[in-house]
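# Notes for the structure review
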Amino acid sequence: MSTEAPIVIVGTGLSGYTLAKEIRKQDQETPIVMVTADDGSSYSKPMLSTGFTKGKEADELAQASPDAMAGQLNLELRTYTSVTGIDPDAHELVLGDERLAYSKLVLAWGADVIRLSIPGDGQEHVFPINDLMDYRAFRKALQGKKRVAIMGAGLIGCEFANDLRNGGYDVDVIAPSNTLMPGLLPPAAAEAVRSGLEGLGVRFHLETVVEHVAARENGASLTLANGEHLDTDLVISAVGLRPRTELAAAAGLEINRGIVVNRALETSAPDIYALGDCAEVDGHVMLYVLPLMACARALAKTLSGERTEVKYGTMPVMVKTPCCQTAVCPPPPDASGTWEVDAEGQDVRALFRSGSGEILGFAVTGRYAVEKQALSKEVPPIHN
Ligand SMILES: Cc1cc2nc3c(=O)[nH]c(=O)nc-3n(C[C@H](O)[C@H](O)[C@H](O)COP(=O)(O)OP(=O)(O)OC[C@H]3O[C@@H](n4cnc5c(N)ncnc54)[C@H](O)[C@@H]3O)c2cc1C
């Protein structure tokens, strides 16, 4: 390993750029190289599901060009460059035929969309949306179209459903679950969001899946497992995300649901760190912005010479369904307790209480959504 080698950060999503900004707050000099498979635009991914509501085209969601970012952060940025391997012993990153030496390597390469292999000749009408480039392609294909079918009723599917209705599109949502956002929202809150979205005109086809996607003139014809047929112009696939682990596993790094790191964001290999959607931090895989910001701040200190552990506080999530304001802080997966629910129409306050009465999680919708902050103070932080 050369001591002259730069810190190399793979990924220019919120994790990569936030980390680079945090490093530069304390250290202007250490060479940093950022490598990304995409065009390197700086943008906030959560804004992708607000384009119509905010009246923005895909390009207006980009906040800064790669050149501007490289200049502002005093670093070298390599765009459209895919990492194909890691050689931890040599302290080198493999970029196809080329090798790039690192002093410290940070994996901030995100999560992959889960792709269903649904038979049929209409695949070109199916769009996963997990970055700005995907969103640009989707918006281009949407021009002159009216109907969108969304596969998946998780947070991302529901947010796109609301946003596309705000844009005046016809929206059908198809999902195998019997409620929205299962695993994130308790049923009472999920019902409130569903009634909000239905009030906007979203049609739900729950407890079924798309079995076949056939091409039609200018669109797709979907056959659902329940026997229904739906004609649509475009399909968004929002059936879930999986941390990118393949290249790390091939390099011998410890993998579980994500790339395994401790609270100092250290992987099992020396001088290799991970954060963001690809990382499993002290057992937590949280595909959200708040945790990655906390990780970026801690890791920047570590990389500047002061080994620092991340401390997760309470991590509430805002669901961007303006038709039914929603905030949720899911209880820990292994917590025992019960949901206590106050519900009146779309106003729901669901509190998850332990046997001793402590609030371990909550979901609030409608007029109760404003209680998010106060409730977040009551829920114990993830790390003490
Ligand atoms: C529509 C939508 C709405 C969302 N809303 C919210 C919200 O309201 N609140 C919230 O907290 N979270 C939200 N999220 C989640 C949040 O956006 C993500 O947790 C966060 O953006 C992840 O950032 P990241 O930098 O870890 O990964 P990414 O943004 O996925 O960045 C990964 C980077 O790695 C690069 N890369 C990948 N593989 C390679 C390779 N082999 N070689 C080189 N480069 C590579 C990519 O090109 C990219 O630059 C939302 C997500 C979506 C899709």
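What comes next concerns the included structure. The structure presented is a predicted model; accordingly, all values stated were derived computationally and were not measured. (Residues numbered from 1 in each chain as written. Predicted model: local features only at pLDDT ≥ 70, side-chain atom pairs only at ≥ 80, totals over all residues. Heavy atoms only, no water.)

## What to know about the site of the ligand
- As a matter of local geometry, the ligand sits amid 31 residues, with S15, V83, D277, V289 and K320 nearest to it.
- S15 places a side-chain nitrogen or oxygen 2.7 Å from an oxygen atom of the ligand.
- Here D277 contributes a side-chain N or O atom positioned 2.7 Å from an oxygen atom of the ligand.
- Of all the secondary structure elements, the ones that give two or more residues to the shell around the ligand are α1 (14-26), α4 (155-166) and α7 (289-303).
- The dominant element in the shell around the ligand, judged by the number of residues it contributes, is α4, at 3 residues.
- Residue classes in the shell around the ligand are distributed as 15 nonpolar, 10 polar and 6 charged.
- If you count residues domain by domain, the shell around the ligand takes at least three from each of domain 1 (7-111 + 242-304) and domain 2 (115-237). (Near = heavy atom within 4 Å. Polar contact = N/O pair within 3.5 Å; in protein donor to acceptor, adjacent residues only side chain to side chain. Helix = DSSP H or I, 4+ residues; strand = E, 2+ residues; numbered from the N terminus. Nonpolar A, V, L, I, M, F, W, Y, C, P; charged D, E, K, R; others polar. Domains from an automatic or database assignment.)

## Topic: the packing of α1 against helix α2 (residues 66-73)
- Running from N to C, α1 and α2 cross one another at 25°; their axes reach a closest spacing of 10 Å. With respect to α2, the element α1 is oriented roughly parallel. Judged by residue contacts, Y17, A20, K21 and R24 of α1 engage P66, M69 and L73 from α2. (Axes fitted to C-alpha atoms, helices over the stretch in contact; angles between N-to-C directions. Parallel < 35°, antiparallel > 145°, perpendicular 65-115°, else oblique. Contact = heavy atoms within 4.5 Å.)

## Re the sheet that holds strand β18 (residues 234-237)
- Here we have 5 strands laid out as an open sheet, ordered β11-β18-β12-β13-β14, and parallel in their pairing. Every interior strand has two partners, whereas the edge strands, β11 (126-128) and β14 (203-206), have only one. Strand after strand, the sheet turns through a mean of 20° between neighbouring axes, direction not considered.
- Here strand β12 (residues 147-151) runs beside strand β13 (residues 170-175); their pairing, made up of 5 bridges, is parallel. Considered in β13, the bridge of M151 is made with I174. (Pairing = 2+ DSSP bridges.)

## Re the sheet that holds strand β16 (residues 219-224)
- Sheet architecture is open: 3 strands sit in the order β15-β16-β17, paired in antiparallel fashion. What marks the edges here is a single partner per strand, and that holds for β15 (210-216) and β17 (229-232). Averaged over neighbouring strand pairs, the angle between their axes works out to 20° when direction is ignored.
- Sheet topology places β16 next to β17; 4 bridges connect them, and they run antiparallel. Its bridge partner being in β17, S221 is matched across the sheet by D231.

## Points about unusual backbone geometry
- Look at M181: it is not a glycine, yet its phi comes out positive at around 45°.
- Along the chain, M181 turns up in the loop between β13 and α5 (187-200).
- Under the relative-accessibility criterion, M181 is labelled buried at 1%.
- Unlike most non-glycine residues, L265 shows phi in positive territory, near 65°.
- Residue placement: L265 occurs in the loop between β20 (259-261) and β21 (272-274).
- By relative accessible area, which is 0% here, L265 ends up buried. (Buried < 20%, exposed > 50% of the residue type's maximum accessible area, 1.4 Å probe, protein only.)

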